[in-house]
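Close look at the chain arrangement
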Amino acid sequence: MMTRKKQTIIALAGNPNSGKTTLFNALTGARQSVGNWPGVTVEKKEGTVKNAGHLVIQDLPGIYSMSPYSLEEVVSRDYLVHERPDVIINIVDASNLERNLYLTTQLFELDIPVVVALNMMDIVEDKIDIEKLSRELGVPVVAVSALKKTGIKALLDAVEHAFGHAPAGLRFSSNLEDAIKNVETRLPVTPCPRWMAIKLLENDERVWHSLALSASAQKAVRTTIERLEEEEDDDMESVITNARYEQITTIAQATVQKKRKRHALSPSDRIDQIVTNRFLALPIFLLIMYGVYTIAMGATPFSIGTIGTDWANDVLFGEWIPNAVDSLASVLHLHPVLTSLIQDGIVAGVGATLGFVPQILVLFVFLSILEDCGYMARVAFIMDRLFRKFGLSGKSFIPLLVATGCGVPGIMASRTIEQDRDRKMTIMTTGFIPCGAKMPIIGLFAGAVFGNSSLVATSAFAIGIGAVVVSGIMLKKFKAFAGEPAPFVMELPAYHWPGVGNVLRSTWERGWSFIRRAGTLILLSSIVLWFLQSFGFVDGALTLVANNNQSLLASLGRAVAWIFIPLGWAGDMAWKATVATFTGLIAKEEVVNTFGVLYNHTGQLSENGDAIWTLVAADFSAVSAYSFMVFNLLCAPCFAAMGAIKREMNNPKWTWMTIGYMCAFAYVCALIVYQLGGLFTGEVAFNGFTVVAITLLLGILYLLFRKGYTPDSEVVDSDWDLEGARS
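All of these numbers come straight from a predicted model, not from anything done at the bench.

Helix and strand counts for the protein chain come out as 32 helices and 11 strands. Looking at the protein chain residue by residue over its 727 residues, the buried ones come to 55%. Of all intrachain contacts in the protein chain linking residues separated by at least 6 positions in sequence, the fraction that spans at least 24 positions is 72%. In the form shown here, the protein chain has an accessible surface area of approximately 31500 Å², with 62% of it arising from carbon and sulfur atoms.

Shown next as structure tokens:
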């Protein structure tokens, strides 16, 4: 009798958009941890089943088959083949049964128990005989709704009963089966000989390299392949693919009763006729984003994010916490310097950042809703159509979408792009997208200078997309990036009501990451900033200064502030804006934190927490504020994102080129905004920098419209090596 281990490892495998992550959340709840797979920057999710701690769920990256092309697919396959989980839960989208069963047939060949979780049965119009499907496949099949959390208990019961019982698997034609058995006899000892034999017949290079076959065995396998290809008049990969689909079609015909009226459009199809329309798709997307930013950061009665932020700034960090600190300092008889550190450094700095949490959380809620209901998958399709016109891969939009939460996983997501040149270009441009850490910058200037304008907030998102598109067009004109983009294949999931749990969980994960940094990194930097702007050298001695224009920080800021004079950062504001920009390299939230510390010096903060932002608005004009916002949204990302760029590029030259390009592009854009914008508003007189701005604008237009480099043939860049990157 088989001895059960203390823990049963369950691998959750399935196609992208099959509901795999939703099922994982339903099974584990909050009992999960997130990290990276060993040696690679691909997200790893693991959790224990609620009320069944001995069941450990390993959520694998979504894959369409066991023939990997991206790093995520490599990770999933390597885990299943080499780590050998106890049971595989194969989640199958019931609305796209035949496509999903292709992966299922491959999982059967691993000699690992499999349970099929048939998801989305509530939206399937066809009638599926689940019991017969289970008999045809030879494995347990359980109907579940990951979204509604139904069928979960039955699924776990099936997993318990499946333990130790590997499926027999499907069988092909006698000719193909004889070839598979012939190859199996040539293999060394392996836990899944049938799967290995089939992959050898398919000429899978990774399997060929992993097996130390003798010369005679290699020759025998090659002979078998040549014989079959000649008999079938096709390559072996196509032969086996066709054999799989023949089996799948037979099973589907036996178990699925199709509805007669196949011409009727589903609700999702009818919605897609509008939201993916060639002419309406982009305006609808921009209108939706405008609505989202209006609710999160606008100045209307419906702008709940702004209402929350106003309360946080005016009441929580404007009255309650400062008054509590003053009372505590009085009771404890704290030294005035320590009181200043707490009040003017920590409360003002961290509070200035946390004050924008309501707006950020509202924004994340709506983005999570759009993702969970299936609309963002359509946006990827829409953007593919747009991006391909400019020579970019539609797959580039997925990292850009991920980057709206944080630039680090966004940059990491570029590994799903097969072509090296498209991957590098995506890494170079992903940092342009406004991430969660940049939202306080947008909220600060949209609120303080532009009266909570949702149009300004939306324009920040549009600037990020525009920078990606413009950069893509320009970079494609150079030899290193020339060539046709890779094809973009993606299944569009059916629309469905977003799950409240999924939305709240996604919002919490993104929001908590922001709050956690405010409690650690921003707290420490607030203390350092307070010290540097509170002390200075007076008559050769280091002492407290009454005016922070005489501080150490002011001296450091003025040493480099001249660089930004052409961008409109002038006067006493110049060094403060410069310091805020450089601290933003630590974390983009630091920009707002720095303003909070600098403009609250020596008790300038009144009873109203918004007094800081009134002072900021007084130092900036509309044009210089927009110039500052553009530069800080587009320049080099935070240190964590720079580290991700270094890991993904795997090349110091390309890393520095990426950071240099982002800084240069941001400077040029901010210069054009201030010089030409100021020229129209009358703030700037025509000068030498205006000439430079016009010249740079003409240069960008030239790069956009000039004829690009046309490669004679595709060249593979040896700088990028998938296996090398994994180590």
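Now, onward.
On to a negative patch on the surface, then. Where like charges cluster on the molecular surface, the negative patch consists of Glu232, Asp233, Asp234, Asp235, Glu237 and Glu246. Structurally, Asp234 is set in the loop between α9 (215–232) and α10 (236–255). In this structure Asp234 comes out as partly exposed when scored by relative accessible area, which is 31%.

Looking now at unusual backbone geometry. Despite not being glycine, Arg84 shows a phi value in the positive range, around 55 degrees. Structurally, Arg84 is set in the loop between α2 (71–83) and β5 (87–93). Given a relative accessible area of 23%, Arg84 falls into the partly exposed group. Within the chain, Asp233 stands out as a residue other than glycine whose phi angle is a positive 55 degrees. Here Asp233 shows up in the loop between α9 and α10. Looking at Asp233, the relative accessible area reads 70%, which means it is exposed.

Enumeration over the complete set of coordinates arrives at 2 cavities of 30 Å³ or more. Considered as a void within the structure, the second largest cavity measures approximately 60 Å³ in volume. Lining of the second largest cavity is provided by Phe285, Met289, Leu367, Met376, Phe397, Leu400, Leu401, Thr404, Ile433, Phe461 and Ile465. Mapped onto the lining of the second largest cavity, the elements with two or more residues apiece are α12 (281–297), α17 (397–403) and α21 (454–475). With 3 residues, α17 is the single largest residue contributor to the lining of the second largest cavity.

With 17 residues, helix α15 (residues 357–373) extends 24 Å between its outermost C-alpha atoms, agreeing within 8% with the 24 Å of an ideal straight helix rising 1.5 Å per residue. Among the residues of α15, those classed as buried are Val357, Gln359, Ile360, Val362, Leu363, Phe364, Leu367, Ser368, Leu370, Asp372 and Cys373. Two residues or fewer past α15, Gly374 is found with a positive phi of approximately 105 degrees.

Bringing the nonpolar core into the picture now. The biggest cluster of nonpolar side chains holds 104 residues, and the ones touching the most others in it are Phe445, Phe595, Phe620, Phe628 and Leu634. Here this core gets 12 residues from one element, more than from any other, and that element is α21. Counting 57 residues, the second largest nonpolar core, distinct from the first, contains Ile63, Val116, Phe172 and Leu211.

Counted according to the given criterion, the structure contains 10 salt bridges. With a shortest N-O distance of 2.7 Å, Glu109 and Arg244 are connected by a salt bridge. Separated by 135 residues along the polypeptide, Glu109 in the loop between α3 (97–107) and β6 (114–119) and Arg244 in helix α10 bring together distant segments of the chain. Take Glu109 and Arg244: they sit in the same class, and that class is buried. Salt-bridge contacts for Asp422 lead to Lys476; the nearest nitrogen and oxygen are separated by 3.4 Å. With Asp422 in helix α19 (residues 420–430) and Lys476 in the loop between α21 and α22 (500–519), this residue pair connects regions lying 54 residues apart in the sequence. Each member of the pair, Asp422 as well as Lys476, carries the same accessibility label: buried.

Moving on to the packing of α19 against helix α30 (residues 652–681). Packing of α19 against α30 leaves a shortest axis separation of 9 Å and a crossing angle of 45 degrees. Looking at the two axes, α19 sits oblique to α30. Judged by the sense of rotation from one axis to the other, the crossing of α19 with α30 is right-handed. For the pair formed by α19 and α30, the contact residues are Lys424, Ile427 and Met428 on the first element and Trp654, Met657, Thr658, Tyr661 and Met662 on the second. Taken together, the residues that form the contact of α19 with α30 break down as 6 nonpolar, 1 polar and 1 charged.

In this fold, Ile225 is placed in helix α9. Sequence-distant contacts of Ile225, that is, excluding residues within four places in its chain, are made with Leu200, Leu201, Asn203, Trp208 and Met236.

A contiguous nonpolar patch, built from Leu679, Phe686, Val691, Ile694, Leu697, Leu698, Leu701 and Phe705 and spanning about 740 Å² of accessible area, is present on the exposed surface. By residue number, the principal contributor to the nonpolar patch is helix α31 (residues 688–705), which donates 6 residues.

Another point: the pairing of strand β1 (residues 8–14). Burial of β1 is extensive: 6 of the 7 residues sit out of reach of the surface. Examined bridge by bridge, β1 and strand β4 (residues 52–59) share 5 bridges and lie parallel to one another. Looking across to β4, one finds that Ile10 is bridged to Ile57. Bridge count for β1 against β5 is 5 bridges, and the pairing is parallel. Bridging across to β5, Ile10 finds its partner in Val87.

Looking now at the packing of aromatic side chains. Two aromatic rings, taken as a pair, are described by how far apart their centres are and by the angle between their planes. Summed over the entire model, instances satisfying the criterion amount to 25 aromatic pairs. Seen in terms of ring centroids, Tyr102 and Tyr245 are 5.0 Å apart; in terms of plane orientation they differ by 20 degrees. Their pairing is stacked. Highlighted residues: Tyr102 in helix α3 and Tyr245 in helix α10, separated in sequence by 143 residues. Classification of Tyr102 by relative accessible area gives buried; the value is 10%. Classification of Tyr245 as partly exposed rests on a relative accessible area of 28%. Between Trp530 and Phe535, the ring centres sit 6.1 Å apart and the planes meet at 85 degrees, which makes this aromatic pair edge-to-face. By the ring-pair criterion, three or more aromatic residues cluster together here, those being Phe445, Phe564, Trp569, Phe582, Phe595, Tyr599, Phe620, Phe628, Phe631 and Tyr667.

Conventions used here
Residues numbered from 1 in each chain as written. Predicted model: local features only at pLDDT ≥ 70, side-chain atom pairs only at ≥ 80, totals over all residues. Heavy atoms only, no water. Helix = DSSP H or I, 4+ residues; strand = E, 2+ residues; numbered from the N terminus. Buried < 20%, exposed > 50% of the residue type's maximum accessible area, 1.4 Å probe, protein only. Contact = heavy atoms within 4.5 Å. Areas by Shrake-Rupley, 256 points an atom, 1.4 Å probe, with all protein chains shown as cover. Patch = residues over 30% accessible without salt bridge, like charges linked within 9 Å, V, L, I, M, F, W, Y side chains within 5 Å. Salt bridge = Lys/Arg side-chain N within 4 Å of Asp/Glu carboxyl O. Lys, Arg positive; Asp, Glu negative; His and termini not counted. Charge placed at Lys NZ, Arg CZ, Asp CG, Glu CD. 1 Å grid on protein atoms, 1.4 Å probe; cavity = no way out; pocket = protein on both sides within 12 Å on 5 of 7 lines; lining within 4 Å. Points joined across faces, edges and corners; volume = space filled by probe spheres on them. Expected span 1.5 Å × (residues − 1). Core = buried A, V, L, I, M, F, W, Y, C linked by side-chain atoms within 4.5 Å. Axes fitted to C-alpha atoms, helices over the stretch in contact; angles between N-to-C directions. Parallel < 35°, antiparallel > 145°, perpendicular 65-115°, else oblique. Left-handed = near helix turned anticlockwise from the far one by under 90°. Nonpolar A, V, L, I, M, F, W, Y, C, P; charged D, E, K, R; others polar. Pairing = 2+ DSSP bridges. Phe/Tyr/Trp six-rings, centres within 6.5 Å; stacked < 30°, edge-to-face > 60°.

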